Amino acid sequence: MIFRNILLTLTLLSSTTAFIATSHRPSLTNLHSTAEASSTEATSTSSNASDRDILVRAARGETVERTPVWLMRQAGRYMAAFRQYSDKYPFRERSETPSMAIELSLQCHRAYGMDGIIMFSDILTPLPTLGIDFDVVKGTGPVISTKVRNEEDVKNLMDAASVNFDETLPFIREILGTLSKEAEEANTSLIGFVGAPFTLAAYTVEGKSSKHCLKSKKMMMADAEGSDKGMSLFLDKLATMIGNYGCHQIECGAQVVQVFESWAHQLSPAQFEQFAKPAAQKAIRIMKEKYPNVPVIYFANGGSSYLDLQRDMGADMIAVDWSVDMARARKILGPDVPISGNIDPTILFGTKEQIEQAVRDCIDKAGGPGKHLLNLGHGVMQGTPEEAVGWLVDECKRHAGNTGGGCR
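Residues numbered from 1 in each chain as written. Predicted model: local features only at pLDDT ≥ 70, side-chain atom pairs only at ≥ 80, totals over all residues. Heavy atoms only, no water.

Here's the deal with the pairing of strand β4 (residues 189–195)
Consideration 1: Along β4, 7 of the 7 residues are buried, which leaves the element largely enclosed by surrounding structure.
Consideration 2: By the alternation rule, side chains of β4 split into Ser-189, Ile-191, Phe-193 and Gly-195 and Leu-190, Gly-192 and Val-194, which are all buried.
Consideration 3: Note: strand β1 (residues 116–118) against β4, 3 bridges, orientation parallel. Bridge pairing in β4 links Gly-116 to Ser-189. (Buried < 20%, exposed > 50% of the residue type's maximum accessible area, 1.4 Å probe, protein only. Helix = DSSP H or I, 4+ residues; strand = E, 2+ residues; numbered from the N terminus. Pairing = 2+ DSSP bridges.)

A word on the side chain of Arg-57
Consideration 1: Summarising the element assignment, Arg-57 is placed in helix α3 (residues 54–59).
Consideration 2: Among residues more than four places away in sequence, those in contact with Arg-57 are Ser-50, Glu-62, Val-64 and Glu-65. (Contact = heavy atoms within 4.5 Å.)

Brief notes about helix α14 (residues 326–333)
Consideration 1: Within α14, 6 of the 8 residues are buried, which leaves the element mostly enclosed by the surrounding structure.
Consideration 2: Residues of α14 that are buried include every one of Met-326, Ala-327, Ala-329, Arg-330, Ile-332 and Leu-333, and no others.
Consideration 3: The distance from a side-chain oxygen at the start of α14 to the backbone nitrogen of Ala-327 is 3.0 Å, and the residue carrying that oxygen is Asp-325.
Consideration 4: At the C-terminal side of α14, Gly-334 shows a positive phi close to 90°. (Polar contact = N/O pair within 3.5 Å; in protein donor to acceptor, adjacent residues only side chain to side chain.)

A short note on the sheet that holds β1
Consideration 1: One open sheet accounts for 7 strands, arranged β1-β4-β5-β6-β7-β8-β9; its pairing is parallel. The open sheet has two edge strands with one neighbour each: β1 and β9 (373–376). The average angle at which neighbouring strand axes cross in this sheet is 30°, direction not considered.
Consideration 2: Judged from the 5 bridges that link them, β4 and strand β5 (residues 256–261) form a sheet pairing that is parallel. Directly across from Gly-195, in β5, lies its bridge partner Phe-260.
Consideration 3: Contacts from helix α9 (residues 170–185) reach β1 and β4, with the element oriented near 145° to β4. (Axes fitted to C-alpha atoms, helices over the stretch in contact; angles between N-to-C directions.)

As for the packing of helix α10 (residues 197–206) against helix α12 (residues 230–252)
Consideration 1: It is at 9 Å that the axes of α10 and α12 come closest, and there the two elements cross at 120°. On the basis of the axis angle, α10 is oblique to α12. In this structure, the crossing between α10 and α12 has a hand that is right-handed. For the pair α10 and α12, contact is made by Pro-197, Phe-198, Leu-200, Ala-201, Thr-204 and Val-205 and by Met-231, Phe-234, Leu-235, Leu-238, Ala-239, Met-241 and Ile-242, respectively. (Parallel < 35°, antiparallel > 145°, perpendicular 65-115°, else oblique. Left-handed = near helix turned anticlockwise from the far one by under 90°.)

Comments concerning the packing of aromatic side chains
Consideration 1: In the structure shown here, the tally under the stated rule is 8 aromatic pairs.
Consideration 2: Measuring from centroid to centroid gives 5.5 Å for Phe-82 and Phe-120, while their planes differ by 75°, and the two rings are edge-to-face. Of this pair, Phe-82 sits in helix α4 (residues 80–86) while Phe-120 sits in the loop between β1 and β2 (134–137), and the two are 38 residues apart along the sequence.
Consideration 3: On the accessibility criterion, Phe-82 (4% relative accessible area) is buried.
Consideration 4: Under the relative-accessibility criterion, Phe-120 is labelled buried at 7%.
Consideration 5: Summarising the aromatic geometry, the rings of Phe-165 and Tyr-245 are spaced 5.4 Å apart at their centres and angled 35° between planes, so their arrangement reads as tilted. Of this pair, Phe-165 sits in helix α8 (residues 165–168) while Tyr-245 sits in helix α12, and the two are 80 residues apart along the sequence. Per residue, the accessibility class of Phe-165 equals that of Tyr-245, and both read buried.
Consideration 6: Feature note: the residues Phe-82, Phe-91 and Phe-120 constitute an aromatic cluster, connected by ring pairs.
Consideration 7: Here the guanidinium or amino end of Arg-92 rests over the ring plane of Phe-134, the centre of that ring lying 4.3 Å away. (Phe/Tyr/Trp six-rings, centres within 6.5 Å; stacked < 30°, edge-to-face > 60°. Lys NZ or Arg CZ within 6 Å of the ring centre and 35° of its normal.)

Pasting the structure below:
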């Protein structure tokens with residue numbers, strides 16, 4: 001009798017321990033254990049075979065089963081797991097060490113199940129292929145030491161057409177190759193990205209982030225009046241390199257490429273049309289001519305005031321920032337231009353109800369479920385509550401449309 005009571009007690013204790021172990025969230029200090037648990041959870045919410053390429057099909061402009069979603073800076077410092085790396089390792093070490101870059105790319109997908117995995121990297125990563133040195137300093141941002149101010153400086157840079165990316169950026173193939181396999185296993189898509197020529201030119205000329213972009217604008221003015229064609233030459237060189245870099249990412253496994261014009265807010269419509277647009281079009285054209293079936297998305301952050309000038313970029317889809325209403329953006333671009341965006345990132349600091357309503361409004365204004373690619377109108381901000389990202393992704397996958405017909 002005593003033996004039976006002891007046996008019963010041990011059984012109950014064992015059951016209780018098992019319950020606690022399975023219901024407790026894995027510790028963030030054990031990254032691999034957390035990754036496995038989260039990966040299983042994410043996979044269970046993405047079981048449809050069509051999820052594998054739903055983002056790719058949407059980026060091509062196809063109407064799909066539901067609105068797919070990914071977020072700019074989805075791999076970022078808002079995640080505690082990400083900060084375990086960013087607090088310890090410098091940016092370039094993280095982005096150029098395959099094991100770290102792969103892990104940082106995958107963390108957010110494991111946790112939230114977006115419809116795409118994007119490579120953890122930076123738009124400045126390919127600059128050294130032209131002989132332009134840079135670093136990303138914590139608390140300061142990008143710092144570029146190579147001076148480019150005129151035609152002679154541009155001529156001293158390396159030849160863009162002859163860049164061998166496997167030699168100059170050997171980590172990219174390993175990162176994207178591994179992520180491609182991970183994306184297939186996770187039943188999702190792999191996103192690559194590049195910086196647009198003007199944005200990389202401005203970063204280089206200014207040497208760091210700039211409030212007024214004055215050095216670059218002086219180069220543009222000198223170029224416009226004919227005294228020095230340095231800006232045009234620099235943009236053309238960058239366009240060749242960026243276009244080829246995008247092709248390299250596709251060859252390494254990227255299924256979609258987004259072009260980031262991060263400094264579009266520095267440009268007037270006339271400056272965009274004269275300088276930034278032709279260079280971006282050239283980069284996009286290089287990618288599309290070589291890989292016509294791989295969709296390219298163009299995003300001009302702060303460029304909503306000249307959205308009408310972006311209709312003929314040559315990209316498959318235009319991503320819009322949060323400063324324009326989605327219904328207005330859809331009207332400006334017209335029904336034949338696929339669109340992505342554009343929830344205000346600060347909404348993620350709101351309540352669950354506010355976030356879910358913002359998702360529904362954006363989807364309905366874009367034409368209804370399956371008619372666009374949901375994203376933020378800029379990147380996820382540092383300090384964003386992690387659970388808020390999950391609320392956004394879940395609501396996007398759930399939303400079946402405005403029963404009143406939506407806003408089209």
